[in-house]
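Residue-level structural notes
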Amino acid sequence: MSSTSFERRRRRAGLLFVAPAAIVLLAILAYPIVESFILSTQSVRLVAGGVTKEWNSFANYIRLAGDETFRRAVVNTMIFSFGEVALVVSIGLAVALLLNHPLGRWGFFRIMLVVPWAIAPVANAVLWKWILNSNYGILNGLLKSLGLIEYYQVWLARPWSAFGFLLLIDVWKSVPFIALLLLAGLQRVPQSLYKAAYMDGAGRWQAFRHVTLPTMRSALAIAVVLQTIWSLRVFEIIFVLTRGGPADATVLMNFLAYRVTFNFLDIGYGAAIANIIFALTFLLAITYVWLMQPRKRRISS
Amino acid sequence: MSLKLTRRNALTGAAALGAASLLPNGFSRPAAAQDSTLGVFGPLPPDPAPPGAAKFAGAEFDAWKAANGADVKYDLVAWPQLHDRMATAFASGSAPWDVMYNCGWVPEFESFLLPFVDDLPKELVDDMPGSSFSTVTWNGKRYGAIFTLSLLTLFYNKEHLDEAGLGAPPKDWDEFLRYTKELTRDGRYGFVSNYGDPAGIGGTASYWMAFLQQAGGTMYAEDGSPAFNTEAGVAALQMMIDLQAAGTDPGSISYVGINDATNVLLSGRASMMMNWPFMWKPAQDPKGSQVVGKLAASVLPAGPAGTASIDGTDAWTIGKSTKDAEKARKLIEFYLDPAIQKKQALDTGWLPIRLSVLNDPDVQATMPLAKVVLDQAQHPYDSFVTPDYNEISQAVGTEIQKALQGQKTAAEAIAEAETLASAIIARRG
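What you see is a predicted model, and the numbers here were worked out from it, not measured in a lab. (Residues numbered from 1 in each chain as written. Chains lettered and ligands numbered in written order. Predicted model: local features only at pLDDT ≥ 70, side-chain atom pairs only at ≥ 80, totals over all residues.)

What follows concerns the UniProt feature "transmembrane region" (unreviewed entry) in chain A. All names here are of chain A. Mapped onto this structure's residue numbering, the UniProt feature "transmembrane region" (unreviewed entry) falls at residues 12-34, 78-99, 111-131, 162-186, 219-241 and 267-291. Strand forms 0% of residues 162-186 and helix 100%; the C-alpha atoms that close the span are 35 Å apart. In this annotation, residues 219-241 is assigned 83% helix and 0% strand; the end-to-end C-alpha distance for the span is 33 Å. (UniProt positions renumbered as here; feature names shortened; annotations may be inferred. Helix = DSSP H or I, 4+ residues; strand = E, 2+ residues; numbered from the N terminus.)

The next subject is the domain arrangement of chain A. Residues and elements named next belong to chain A. Along its sequence, chain A is organised into domain 1 (2-40) and domain 2 (65-300). For domain 1 versus domain 2, the separation of C-alpha centres amounts to 35 Å. Listed as interface residues are four residues of domain 1 and, on the opposing side, six residues of domain 2. Of the residues belonging to the side of domain 1 that touches domain 2, the class tally is two nonpolar, two polar and no charged. (Domains from an automatic or database assignment. Contact = placed C-beta atoms within 7 Å. Nonpolar A, V, L, I, M, F, W, Y, C, P; charged D, E, K, R; others polar.)

Next up on the list: the UniProt feature "domain: ABC transmembrane type-1" (unreviewed entry) in chain A. If you check UniProt for "domain: ABC transmembrane type-1" (unreviewed entry), the listed places come out as residues 74-288 of chain A in our numbering. Span residues 74-288 of chain A is 75% helix and 0% strand, its end C-alpha atoms 22 Å apart.

Time to look at unusual backbone geometry. Cis geometry marks the peptide bond from Gly245 of chain A to Pro246 of chain A, where omega comes out at -5°. Along the chain, the position of Pro246 of chain A falls in the loop between helix 11 (236-241) and helix 12 (253-263). Across the junction of Pro45 of chain B and Pro46 of chain B, the peptide omega takes the value 10°, indicating a cis bond. Within the secondary structure, Pro46 of chain B sits in the loop between strand 1 (37-43) and helix 3 (58-68).

Now for the pairing of strand 3 (residues 99-103) of chain B. Residue and element names in this part refer to chain B. Taking burial as the measure, the five residues of strand 3 include five buried ones, the bulk of the element. Neither face of strand 3 is exposed, since Val99, Tyr101 and Cys103 on one face and Met100 and Asn102 on the opposite face are all buried. Pairing between strand 1 and strand 3: two bridges, direction parallel. Across the sheet, residue Val40 finds its bridge partner in strand 3, namely Val99. One ladder, built from five bridges, connects strand 3 with strand 12 (residues 314-319); its direction is antiparallel. The residue bridging Val99 from the neighbouring strand is Ile318, located in strand 12. (Buried ≥ 20, exposed ≤ 12 C-beta atoms within 10 Å, placed from the backbone. Pairing = 2+ DSSP bridges.)

The structure is reproduced here in structure tokens:
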């Protein structure tokens, strides 16, 4: 009896301690999410010196289905995310392997590696804007001096070229973090496994395939999920370099949500697009949390 | 008596401060002082910033504040952020400004603005081009005063034209195409533009709107429905496509801002460009220009219906929530004072709007462009702003980009653009 009463008091005290954090989380996370969902079910307009909201059920979501620009943004986002995750994780893994090699353990390499990741996103976009400039860009100058191109190229003029360069820029910026994440995973692979594999006559490739990769499965999965989430948030390079052009070829869902909400002031429809991105991100976040659970609990669940 | 620093004392002190801050005007200045402060929202230099923010008429500005017992608090952001900042401020009900810069957004933000132009002195209004009020008028009410005459005109490199044996600038579309072709040589292009951003004033669609008026077309019928899927609309786009083939810098489709294209002209890598008057002053600065003394300007080449342009529509407006509309209006009158307008032109390169100042000998001597822009203003220069301007110009501009890239013919692109514009207008209801 008394132990039950003690448990109850203990739980109440625990709730009281947690309450401030829970209230803050509800205010800064739950409220905007709920408000955004409500907005997406309304037609929102700036009229008569204020904002008028009219309930329109799921009309904004239905409109998405018939919107060619949205469909294009979805396809672009899928291609971009898939390409980015594949490139970032494979390049990141290669870099991590190099850094894990005795010759790559000099701290200078790691500092150099972090530079692209540490540059402010907009500064990074402006930097690449000048690198790719069709008249003064260093890329044109370099390729021409090497004799690889005869004339200066307009890298952002053609849809696939512009898309490809945006992908390249974001890969360049994202590789460092993923490489460091995978390096941490690599350093957790027990050396005894490599010794055992060596004793069994395994070569380098076999050791990589049958020891390194299986042991790093969790780290790789986390890298894939995190990078997918980040690829859905790409905005600043599109805003600075292409504004979604040429002819909407580089419009991703995140940029479209911004454009519809703030440029067109179609706030309800913009919220609907943002909620689709949120739902995707939320699913990925659940996957991430699940992957972060200790392996035993994950298997039992 | 000593005050010991304990946790209890710290908590008590914090609670007392918190309670005091909840009292009305707990930490604010006296109401009277607050009321005499005018909040002004506008662009940062080098875009058209007001006196006291840009380097001109600082002493006069201080004198005006002293004479009117007013303080002016500027809230300035980079030009590309202006629209979105205003939109979010209005949507959240927290637009604290008395005076606001507007650029073609008057129809969009109409319900947040105060129509004040009828209260301006008659001699001031009479000294401004009547057509300058068209982009700040909506539903019959005039909400803004344009403060700089900013029309697209043709900037050209005299040296390049002379080298090619072309004495005078192109007068019509045929000459424009021929010049572009002949000037495309020696590693440079005949023409450059910024077609990278489809939307907004200065975006791809707005350039086409200038050609549209030159071809005798218009964007909208009397009832507000789109009326540009016509021979003129197609001819205007075909002209842009032909100009592209004749020798437009291929990078034009990737230049998202006017500065990207302007840099090409100022480096001497292109010979002609449709540009705004503000560009004149930087073009004469050897620090950033390789064409100092080589640049000239003319009215835009005439299409089948003559020459025409578009309006940059830089205007001052007054917010509906202002506490002192009269003082806000007086501040705008100060911005439009002839002496301030003259300094604006001479010190910043942004032309005045007042006709008397545009005709001032000092202004014309320093900025020969003034006369050209005045000539251009004798012809149509409608920017066709509506509440959906951004969305419509995005849709039209994207179709124009497709045509410029050869994905569609001019006729197909214009037909699709009109369909999209009709749907946008229908949604507005």
